[in-house]
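The residues making up each chain are set out below.
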Amino acid sequence: MGKFVIRRLAQAVMVVIAATILLFIGLFVLGDPFASSGDKVVPPGTQEILREKFGMDQSLPMQYLTYLGNLVTGDLGIDLNQRRPVADMIGAALPNTARLALVAIVIDIIIGVVAGIIAAVWRYSFWDVLVTILTTLTIGVPTFVIGVWLRQTVTGEFIFPQVPRPFTDMAPWYTEVLLPALTLAIVDAAFIARLMRGSMLEVLRMDYIRTARAKGLGERTVIMKHAFRNSIIPVVTYVGISIGILLGGAIITETLFQYNGVGYLLYRSILQNNNPVIMAIVTFAVLIYVLLSMIVDILYAYLDPRIRLS
């Protein structure tokens, strides 16, 4: 198990380095953030001063090495517009994104896992057909379409009408988070339901399941104690990846609802050509994604010992 963890850790470091190199090259190709463009007029002398102040007068390899060294110490740079530490800006937006991700993942797991189990246990029944049709239709709909539909047809006042105290103070929290969380969760829940159904059907055909039934164990015990643990492995992998994506910033959903999270911050930074913020957010997203992927792989290996031997 120790060798497996070390191998995955080495792979994670290489992925982070490769991703940051590609990002640096991409931002370099996009152009100079201090150059004059449109209504923005910056005198040449001021441009030179700003490039020197932010270290952009150096070669690209040197800029990358400087950034990598600062990243190790936790220094994410300075915002080009407000002259604020980028770490503070991400720190202010991250709790909102984490709250959104938590609500979305809870909805994903509850709906997806339950629907998948029902469809697999009662295969070819009305419920199986219903889950299959709904998930197929949902997966084919882009997330932003779901978000637009929810925002325009299901208002916060419709879901949460005026209620007496002390519930009044709680309503804004839910109305602010619920719609974007549903937007993120609906498609993912459909994927999880399909994964859970397919995995459960495969496990239910295994010999040890037939043996458990032959011993006279109840169907609920067979399903929940013997089949569920192995069936949930692909779902754990998918949920771990989803958490990484959500914590990195669900840019389309947060922008659509103007939700003050990491994704909306990234969107505004792209419009402003604010390279330090873009670099920091994308690097943070990569780190979160790689870390959670590594944790999921280790958990996967724990649940199925054959993985660490492969």
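Residues numbered from 1 in each chain as written. Predicted model: local features only at pLDDT ≥ 70, side-chain atom pairs only at ≥ 80, totals over all residues. Heavy atoms only, no water.

If you check an unreviewed UniProt entry, the protein chain appears there as ABC transporter permease from Actinophytocola glycyrrhizae. Here is the UniProt Subcellular location (unreviewed entry) comment for the protein chain, exactly as written: "Cell membrane". Here the protein chain is described in UniProt, under the heading Sequence similarities (unreviewed entry), as follows: "Belongs to the binding-protein-dependent transport system permease family." (UniProt positions renumbered as here; feature names shortened; annotations may be inferred.)

(A) The arrangement of the packing of aromatic side chains in detail. Considering all chains together, one arrives at three aromatic pairs under this definition. Ring plane angle 35 degrees and centroid distance 5.9 Å describe the contact between F191 and Y238, whose orientation is recorded as tilted. Residue F191 is located in helix α8 (residues 171–204), and its partner Y238 is located in helix α11 (residues 233–248); the two are separated by 47 residues in the primary sequence. On the basis of an interplanar angle of 10 degrees and a centroid distance of 6.2 Å, the ring pair of Y264 and Y267 is categorised as stacked. Here the residue Y264 and the residue Y267 both occupy positions in helix α13 (residues 262–271), the gap between them amounting to three residues, near one helical turn. The class of Y264 is buried, set by a relative accessible area of 18%. Seen from the ring of Y264, R268 lies directly overhead, with NZ or CZ sitting 4.8 Å from the centre. (Phe/Tyr/Trp six-rings, centres within 6.5 Å; stacked < 30°, edge-to-face > 60°. Helix = DSSP H or I, 4+ residues; strand = E, 2+ residues; numbered from the N terminus. Buried < 20%, exposed > 50% of the residue type's maximum accessible area, 1.4 Å probe, protein only. Lys NZ or Arg CZ within 6 Å of the ring centre and 35° of its normal.)

(B) Up close: the nonpolar core. In this structure, V113, A181, M196, M200, V235 and L246 are the most contacted members of the largest nonpolar core, which totals 34 residues. Counting residues per element, this core draws most heavily on α8, at 10 residues. L246 has contacts with T97, A101, A104, I105 and L184, leaving out every residue within four places of it along the chain. Within the second largest apolar cluster, 19 residues are counted, among which are L27, L265, V277 and A280. (Core = buried A, V, L, I, M, F, W, Y, C linked by side-chain atoms within 4.5 Å. Contact = heavy atoms within 4.5 Å.)

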